[in-house]
Amino acid sequence: MFEVGKNYKLTIINQEHYGRGVAKYNNIPVFVDDALPGEFVSVNITSSHKKYCEGVATKVYTASKHRVIPPCDYYDECGGCNIMHQEYSENLKFKQRIVMDALYKFGDINVKNIKLNNIIPSPTIFNYRNKITLHVKDNKLGYYKSNTNDIVSIDKCLIVDNVINDCIEIISKYLDGIKKVTIRYGKYTDEVMIIFDVKEDLKIGLLDDLGSHIKQLSSIYIVKDGVITLAYGSEYITEK
C-alpha cells in the first residue's frame with residue numbers, strides 16, 4: 001500500500017467525475033488533484049484507504065497537450081474550483097462523459113444506443129457564476145484550501161460576476177464578527193442578496209458602505225445563533 005507523505009511517479013489514465021486524474025499502482029486506484037489524462041507525474045500521497053488512495057501532483061514530467069496555465073492567482077491553493085488547469089474545450093468533453101456515465105450508472109440506459117447532443121459552450125468562461133459563499137477565519141475572507149479548514153484569502157474571484165466581486169471588496173474591510181457570507185446576484189434583474197452568518201453584530205459602517213456603493217443591492221439577511229433577520233430591503237430577489 002502507499003505511504004502517506006511519500007512521492008510516487010505515476011501515469012494518469014483517466015479523469016473521475018470530480019475532475020481529479022486517475023492512476024493505478026499495483027491495481028490500486030489513485031485519485032490525483034491537478035493531474036490530467038495522459039500525464040506522467042510525481043504524486044504526493046495525502047491519504048491512504050483500503051481500496052484507493054488520494055494525492056496531489058507535485059511535478060509534471062510529461063504534460064497533457066490540454067494543460068493550460070490557470071489565470072487565477074489563488075488556483076494552486078484555493079478549493080473554489082478544480083479544472084481551470086484544463087483547457088475549456090476539454091472541460092466540455094469531460095462534463096459530457098459525466099452525463100453519459102450518469103445515464104449508464106443511474107438511469108440503466110445503454111449509452112451505446114443513444115446520441116447525446118454536445119454540451120453548448122458558454123460565451124464566457126469567466127465571471128459567469130451568480131452565487132458565492134466565503135468563510136472568515138483569522139481576519140481572512142476566502143475559500144477553504146483544498147481538503148483543509150484553512151482559509152485562502154481572496155480579494156476577487158475570476159468565476160463570479162464582477163458585481164459580486166465589488167461586494168467582496170467592501171465586505172473584506174469589515175470582517176469582525178462574520179463567520180460566513182453568501183452573495184447571490186440576479187444578473188437579468190440586476191438584484192443582489194447578501195446573507196451574513198455572524199457570531200456578533202456586524203461592524204458599524206458595513207451596511208451603509210454596501211448601500212452606498214452597490215446600486216444593485218436589494219436584500220441583506222443576518223443569521224445569528226440560528227435566528228434569521230432581514231436587515232435591509234426585500235425578503236427575496238428575483239431572476240429570469
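The model shown is predicted, which means the values in this text are computed figures rather than measured ones. (Residues numbered from 1 in each chain as written. Predicted model: local features only at pLDDT ≥ 70, side-chain atom pairs only at ≥ 80, totals over all residues. Heavy atoms only, no water.)

Colleague: It is not clear to me how the sheet that holds strand β9 (residues 151–153) should be interpreted in this structure. Could you clarify?
Modeller: Each strand in a sheet pairs with its neighbour through backbone hydrogen bonds, running either in the same direction (parallel) or in the opposite one (antiparallel). If you walk across this open sheet you meet the seven strands as β9-β8-β7-β10-β11-β12-β13, and the pairing is mixed. Only two strands of the sheet have a single neighbouring strand rather than two, namely β9 and β13 (227–233). Each adjacent strand pair in this sheet contributes to an overall mean axis angle of 30°, direction not counted. Of the pairings in the sheet, the one linking strand β12 (residues 217–224) to β13 comprises six bridges and is antiparallel in character. Bridging from a neighbouring strand, Ser219 pairs with Gly233 of β13. Set on the sheet, helix α2 (residues 162–171) makes contact with β7 (131–137), β8 (140–144), β10 (178–186) and β11 (191–198); between it and β10 the angle comes to about 155°. (Pairing = 2+ DSSP bridges. Helix = DSSP H or I, 4+ residues; strand = E, 2+ residues; numbered from the N terminus. Axes fitted to C-alpha atoms, helices over the stretch in contact; angles between N-to-C directions. Contact = heavy atoms within 4.5 Å.)

Colleague: Where do I start with the nonpolar core in this structure?
Modeller: In summary, soluble globular proteins display a tendency toward joint burial of nonpolar side chains. Ile171, Ile183, Ile194, Phe196 and Leu210 are the most contacted members of the largest nonpolar core, which totals 38 residues. Of all elements in the fold, only β7, β8, α2, β10, β11, α3 (206–213) and β12 reach the threshold of two or more residues within this core. By residue number, the principal contributor to this core is α2, which donates six residues. Those residues in contact with Ile171 that sit more than four places away from it in its chain are Leu141, Ile178, Val181, Ile183, Ile194, Phe196, Leu206 and Leu210. Grouped together as the second largest cluster of nonpolar side chains are 14 residues, Tyr8, Ile28, Ile45 and Cys53 included. (Core = buried A, V, L, I, M, F, W, Y, C linked by side-chain atoms within 4.5 Å. Buried < 20%, exposed > 50% of the residue type's maximum accessible area, 1.4 Å probe, protein only.)

Colleague: Can you help me understand the packing of aromatic side chains in this one?
Modeller: Aromatic rings considered in pairs are described by the distance between their centres and by the relative angle of their planes. Applying the stated criterion across every chain, the model contains three aromatic pairs. Between Phe40 and Tyr61, the ring centres sit 5.6 Å apart and the planes meet at 40°, which makes this aromatic pair tilted. Remark: Tyr61 occurs in strand β6 (residues 53–62) and Phe40 occurs in strand β5 (residues 40–48); sequence separation between them is 21 residues. Here Tyr61 falls in the partly exposed class, since its relative accessible area comes to 38%. (Phe/Tyr/Trp six-rings, centres within 6.5 Å; stacked < 30°, edge-to-face > 60°.)

Colleague: I keep staring at unusual backbone geometry and nothing clicks. Help me out?
Modeller: Most peptide bonds take the trans configuration, and most residues that are not glycine carry a negative phi. Of note in this structure, Asn139 is not a glycine but carries a positive phi near 60°. For Asn139, the location among the structural elements is in the loop between β7 and β8. Look at Asp190: it is not a glycine, yet its phi comes out positive at around 60°. Tracing the backbone shows Asp190 in the loop between β10 and β11. Asp190 sits in the partly exposed class, given a relative accessible area of 32%.

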